[in-house]
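Fold and contact review
Residue strings, one per chain:
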Amino acid sequence: MVENSGSETASTGPLSPELLAKMNAYWRAANYLSVGQIYLKDNPLLERPLTLDDVKPRLLGHWGTTPGLNFLYVHWNRLIRERNLNMLYIIGPGHGGPGLVANTYLEGSYSEIYPHIEQNKDGIKRLFRQFSWPYGIPSHVAPETPGSIHEGGELGYSLVHAYGAAFDNPDLIVACVVGDGEAETGPLATSWHSNKFLNPLTDGAVLPILHLNGYKIANPTVLARIPHAELEDLMRGYGYEPFTLEGDDPAILHQQAAAVFDTMLDRIAAIQKAAREDGSTARPAWPMLILRTPKGWTGPKFVDGKPVENTWRAHQVPLDQIFEKPEHLRQLDEWMRSYKPEELFDEKGKFRAELAEIAPKGRLRMGMNEHANGGLLLKPLKIPNFREFAVKIEGRGQHDVESTRVLGRLLHAVMEDNKEQKNFRVFGPDETASNRLGDVITGTGKAWMAETLPVDENLSETGRVMEVLSEHMCQGWLEGYLLTGRHGFFSCYEAFIHIIDSMANQHAKWLKVTRGIPWRKPIASLNYLLSSLVWRQDHNGFSHQDPGFIDHLLNKKADVVRIYLPPDANTLLSVSDHCLRSRNYINLIVAGKQPAPQWLTTDEAIAHCTTGLGVWPWASNDAGKPEVVMACCGDVPTLETLAAVCLLRDKVPDLRIRVVNVVDLMALQPTSEHPHGLPDEDFDQLFPVGVPVIFAFHGYPWCIHRLTYRRHNHDNIHVRGYKEEGTTTTPFDMCVLNNIDRFQLTLDAIKRVPRLAAQADAAEQWYSEQIQRHKLYVAENGDDLPEIKNWRWPKELSSC
Ligand SMILES: Cc1ncc(C[n+]2csc(CCOP(=O)(O)OP(=O)(O)O)c2C)c(N)n1
Ligand SMILES: [Mg+2]
């Protein structure tokens, strides 16, 4: 027999008997509505005994985590009311979706946002029916859920999201439930260290709750099965002050919870006061809670003779054979009635006023917190005119510049200009300086609340550059920061950005869904700069060579993803300016940090980036009728292509060559596939049907085929790119190993132009000789041939 009406008056503590009774009733209501969402399509108030007709044909959702989440929600509500808190609630086990829907319904947010889910019997019926129902709402804490910035379907990111939300939001408290299973993931394990980057003076607070309900889907959790003292030591080792709350008697636990939360919030207030009023700069030990409550608390204790409550069996749907076993239907009826719905809802199905009144009002309701709909709070970045940072081109290709260093100056200026509004941060896994963005660090410094030594440089408690050697943390912080209405930039080594492939997936999904939700306002785009690229891993070699993040992002929805490969500094500036101003995208910028030739003036760069791809007339001699198109995308491929063009002119002076550079990869797709896609007519103008295209691409070659396979001239597009050949070798040898070098491109062109067929054999011979010479030289000298290393675009063709 389940007994869930609770013995509210049994214990003593900070809650008055009346408030305790109401809070427990409120919690019962949330649990009732959670169970109802999982099971029922009719009879929402149990006005008659449940029948099979009332039950959904497919029982989809998760019960186990939900009562714990609901318990916390009720307590946050009290604290918000009593302390006038600005509170965001992040749920690691996002499969507890029914709980968040139930609570935002009870507090009224849900009906305000979705008026058809009324505060009456019909509304509850719709609320139940829509859950995990085709064209209804998802089972998780999805973008559709009011008050959410965290889906939680993929476990591991709750705590970084919470910290990302808290940065630069000094009045915000982010309560964050970490599932004890979730706590086993790598990203979550490292996230505890976020407290070394959170400044009580300028940032908000994060209140982590480690929810030890003891189980995952099918196993106990590690942290639930180590001695409690060891767990507390672990949390202390992470720098927190752990509190513990344990039990399963609601009456006792409500009182204890109220007491412990009062203490924890007093601790937070004291930490903030010390920093804000008393000038303390010490790193505080922020409070965190270890909450031990049963998985599936208040649900069926036994099903088919097996224990369910407080076991992994409570994870999903505890009674899942309703249609096969009459006993399951009877147990469901009994379970739902144990919450005493008649005490919670009036005869019309309205949540009773005396209970509803203990929820916060208006914007203080967690379902209505504006930080969870960051676009509402988004202030545009102040971005200086990027022309002021442009590289002056005195002769195309005649001088080398580190493109990312130029971008660093722009980012520095953006940082300075937005210092007051504190809504821009730059994130990187210990690579900001290595990626030559060092200028952005000067002035603002790097966030650091841990110890410092005299040898340290630029570490600062108020730093706005976030560096930690965890791509997961960089990504998660940035997501949390963006989702709460701010702006950011993430620079990363190209190969290692794969570490967050899955997080990027989840963010892309979030963005895709929010586009269809009118009340979710657009947020700033997630901007990646990948530098330290595959072609120039001079110090590192094969482990650092992987351009596949491009392919990864290509799988995402066209209306979410943008991919740019600017070939020089001015195009990088133009693209970055555009990305920083954009909304609701994932922008990927791939640009090298090594000294490299510069090709376009600012005006040309802007025009080129606007169309996304185009002929470089100064490098072409096709007179409008090319015999071969030499296409390139990426800085190193552009260099090799232009060097090949020179070789071709030398070998076949009358060959009509067109050079096309691609900066916006998505422009290669048809318009039907991507909004940036070039119309077929324009594509055919650039790449005329029947004319061979030798395409040098930064990444894996098949990516270009994938993008262009529907184009009329696709059969004539021959792509060279990275084909997983690499080691620690010279820059040019990397090109040779992957057949993207100038000699190969020259040979390719000669072999593909029909009228040069007679020269093909000689060209093959020439190619072999060049490669042999190159190999012998690099093997002997450990460096590239001087004519390769010092190659320049011909001066006579270089005027702008
Ligand atoms: C990264 C990831 N791996 C695996 C899963 C599949 N999964 C869903 S719920 C779950 C167990 C979660 O346990 P816990 O974090 O303790 O949550 P709770 O007990 O509160 O349900 C697992 C493994 C997932 N969602 N995400
Ligand atoms: Mg668990």
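Residues numbered from 1 in each chain as written. Chains lettered and ligands numbered in written order. Predicted model: local features only at pLDDT ≥ 70, side-chain atom pairs only at ≥ 80, totals over all residues. Heavy atoms only, no water.

Here we take up the layout of surface pockets. Quantified by volume, the largest pocket comes out at close to 620 Å³. Taken together, 29 residues line the largest pocket, and the ones lying closest to its centre are Arg536, Pro595, Pro597, Leu639 and Pro731. Among the elements of the structure, β17 (595-597), α19 (635-651), α22 (731-737) and α25 (786-789) are those that each provide at least two residues to the lining of the largest pocket. No other element matches α19, which puts 4 residues into the lining of the largest pocket. Lining the second largest pocket are 20 residues, and of these Pro143, Glu151, Gln506, Lys509 and Trp510 lie nearest its centre. Secondary structure elements with two or more residues in the lining of the second largest pocket: α14 (471-483) and α15 (501-514). Across the lining of the second largest pocket, the residue classes tally to 9 nonpolar, 6 polar and 5 charged. (1 Å grid on protein atoms, 1.4 Å probe; cavity = no way out; pocket = protein on both sides within 12 Å on 5 of 7 lines; lining within 4 Å. Points joined across faces, edges and corners; volume = space filled by probe spheres on them. Helix = DSSP H or I, 4+ residues; strand = E, 2+ residues; numbered from the N terminus. Nonpolar A, V, L, I, M, F, W, Y, C, P; charged D, E, K, R; others polar.)

Let's shift gears to the site of ligand 1. Taken together, 16 residues sit near ligand 1, with Thr65, His95, Gly153, Asp180 and Lys295 positioned nearest. Here Leu155 contributes a backbone N or O atom positioned 3.1 Å from a nitrogen atom of ligand 1. Lys295 is positioned with one of its side-chain polar atoms (N or O) 2.6 Å from an oxygen atom of ligand 1. For ligand 1, whose unbound accessible area comes to 590 Å², protein coverage reaches 74%. Looking at the shell around ligand 1, its residues break down into 4 nonpolar, 7 polar and 5 charged. (Near = heavy atom within 4 Å. Polar contact = N/O pair within 3.5 Å; in protein donor to acceptor, adjacent residues only side chain to side chain. Areas by Shrake-Rupley, 256 points an atom, 1.4 Å probe, with all protein chains shown as cover.)

Around the magnesium ion (ligand 2), the protein contributes the donor atoms Asp180 (OD), Asn213 (OD1) and Tyr215 (O), which lie 2.0 to 2.2 Å from the metal centre. Using a relative accessible area of 4% as the deciding quantity, one classes Asn213 as buried. (Donors = N, O, S within 2.8 Å, 3.2 Å for Na, K, Ca; no water. Buried < 20%, exposed > 50% of the residue type's maximum accessible area, 1.4 Å probe, protein only.)

Orientation of α19 relative to helix α23 (residues 742-752), taken along the N-to-C sense of each, is 55°, at an axis distance of 8 Å. Between α19 and α23, the angle is such that the two are oblique. Crossing handedness for the pair α19 and α23: right-handed. The segment α19 lies against α23, with Leu639, Glu640, Thr641, Ala643, Ala644, Leu647, Leu648 and Lys651 engaging Arg742, Phe743, Leu745, Thr746, Ala749 and Ile750. Residues belonging to the contact of α19 with α23 are distributed by class as follows: 9 nonpolar, 2 polar and 3 charged. (Axes fitted to C-alpha atoms, helices over the stretch in contact; angles between N-to-C directions. Parallel < 35°, antiparallel > 145°, perpendicular 65-115°, else oblique. Left-handed = near helix turned anticlockwise from the far one by under 90°. Contact = heavy atoms within 4.5 Å.)

Turning our eyes to something else, we now look at empty space enclosed by the protein. Summed over all chains, the structure comprises 3 cavities of 30 Å³ or more. Put simply, the largest cavity is a space of about 70 Å³. Every residue along the wall of the largest cavity is listed here: Ala372, Asn373, Gly374, Leu483, Trp510, Leu511, Thr514, Arg520, Lys521, Ile523 and Asn584. The leading source of residues in the lining of the largest cavity is α15, at 3 residues. Considered class by class, the residues forming the lining of the largest cavity number 5 nonpolar, 4 polar and 2 charged. Ranked by the residues each element gives to the lining of the second largest cavity, the list is headed by strand β1 (residues 86-91), at 3 residues. Taken together, the residues that form the lining of the second largest cavity break down as 6 nonpolar, 3 polar and no charged.

Summed over the entire model, instances satisfying the criterion amount to 33 aromatic pairs. On the numbers, 6.0 Å between centres and 15° between planes, the contact of Trp599 with Trp618 is stacked. Of the two residues, Trp599 is situated in the loop between β17 and α18 (602-611) and Trp618 in the loop between β18 (613-615) and β19 (628-633); the sequence distance between them amounts to 19 residues. Taking the relative accessible area as the measure of exposure, Trp618 reaches 14% and is therefore buried. The aromatic ring of Tyr585 is capped on one face by Arg562, whose charged end is 4.0 Å from the ring centroid. (Phe/Tyr/Trp six-rings, centres within 6.5 Å; stacked < 30°, edge-to-face > 60°. Lys NZ or Arg CZ within 6 Å of the ring centre and 35° of its normal.)

Moving on, we get to the nonpolar core. In terms of nonpolar packing, the biggest core is built from 183 residues, with Tyr39, Trp76, Tyr89, Leu332, Leu665 and Phe695 touching the most fellow members. For this core, the leading source of residues is helix α1 (residues 17-39), giving 12 residues. What Phe695 contacts, discounting residues up to four positions off in sequence, is Ala631, Cys632, Cys633, Val662, Leu668, Ile704, Ile717, His718, Val719 and Arg720. (Core = buried A, V, L, I, M, F, W, Y, C linked by side-chain atoms within 4.5 Å.)

Working definition: the strands of a sheet are paired by backbone hydrogen bonds and lie parallel or antiparallel to each other. Spatially, 5 strands are ordered β18-β20-β19-β21-β22 in an open sheet, and the strand pairing comes out mixed. At either margin of the open sheet sits one strand with a lone partner, and together these are β18 and β22 (717-720). Strand-to-strand, the axes of this sheet are offset by a mean angle of 20°, without reference to chain direction. In this sheet, strand β20 (residues 657-662) lies alongside β18 in antiparallel orientation, the contact comprising 3 bridges. Within the sheet, the bridge partner assigned to Gly614 lies in β20 and is Asn661. Against the sheet, α23 makes contact with β19, β21 (693-697) and β22, and its axis sits at roughly 160° relative to β21, the strand it touches most. (Pairing = 2+ DSSP bridges.)

This brings us to the side chain of His487. Of note, His487 is situated in strand β13 (residues 487-493). Within the local environment of His487, its side chain forms a polar contact with the backbone oxygen of Lys379, the two atoms lying 2.7 Å apart. Excluding anything up to four places from it in sequence, His487 contacts Leu378, Lys379, Pro380, Leu381, Asn423, Phe424, Arg425, Tyr481, Leu482, Ala524, Leu580 and Arg583.

With that settled, consider the environment of Asp233. Turning to its location among the elements, Asp233 is positioned in helix α8 (residues 228-237). A polar side-chain atom of Asp233 sits 3.2 Å from a polar atom in the side chain of Arg236.

Here we take up helix α6 (residues 158-166). Counting buried positions over the 9 residues of α6 gives 9, a clear majority of the element. Buried within α6 are the following residues: Ser158, Leu159, Val160, His161, Ala162, Tyr163, Gly164, Ala165 and Ala166. Turning to α6, the residues buried within the fold contact β1, β2 (172-179), α7 (186-191), β3 (205-211) and α14. A positive backbone phi angle near 60° is found at Asp168, which sits one or two residues after α6.

Let us now look at helix α13 (residues 403-417). With 15 residues, α13 extends 22 Å from end C-alpha to end C-alpha; this agrees with the ideal 21 Å at 1.5 Å per step. Within α13, the full set of buried residues consists of Ser403, Thr404, Val406, Leu407, Gly408, Leu410, Leu411, Ala413, Val414 and Met415. Turning to α13, the residues buried within the fold contact β8 (400-402), β9 (424-428), β12 (465-467), β13, β14 (526-531) and α17 (569-581). (Expected span 1.5 Å × (residues − 1).)

What follows is about the pattern of salt bridges. What the rule picks out here adds up to 48 salt bridges. Put simply, Glu764 and Lys751 hold a salt bridge, and the shortest N to O gap is 2.8 Å. In this pair, Glu764 is assigned in helix α24 (residues 760-781) and Lys751 in helix α23, connecting sequence segments 13 residues apart. Taking the relative accessible area as the measure of exposure, Glu764 reaches 31% and is therefore partly exposed. (Salt bridge = Lys/Arg side-chain N within 4 Å of Asp/Glu carboxyl O.)

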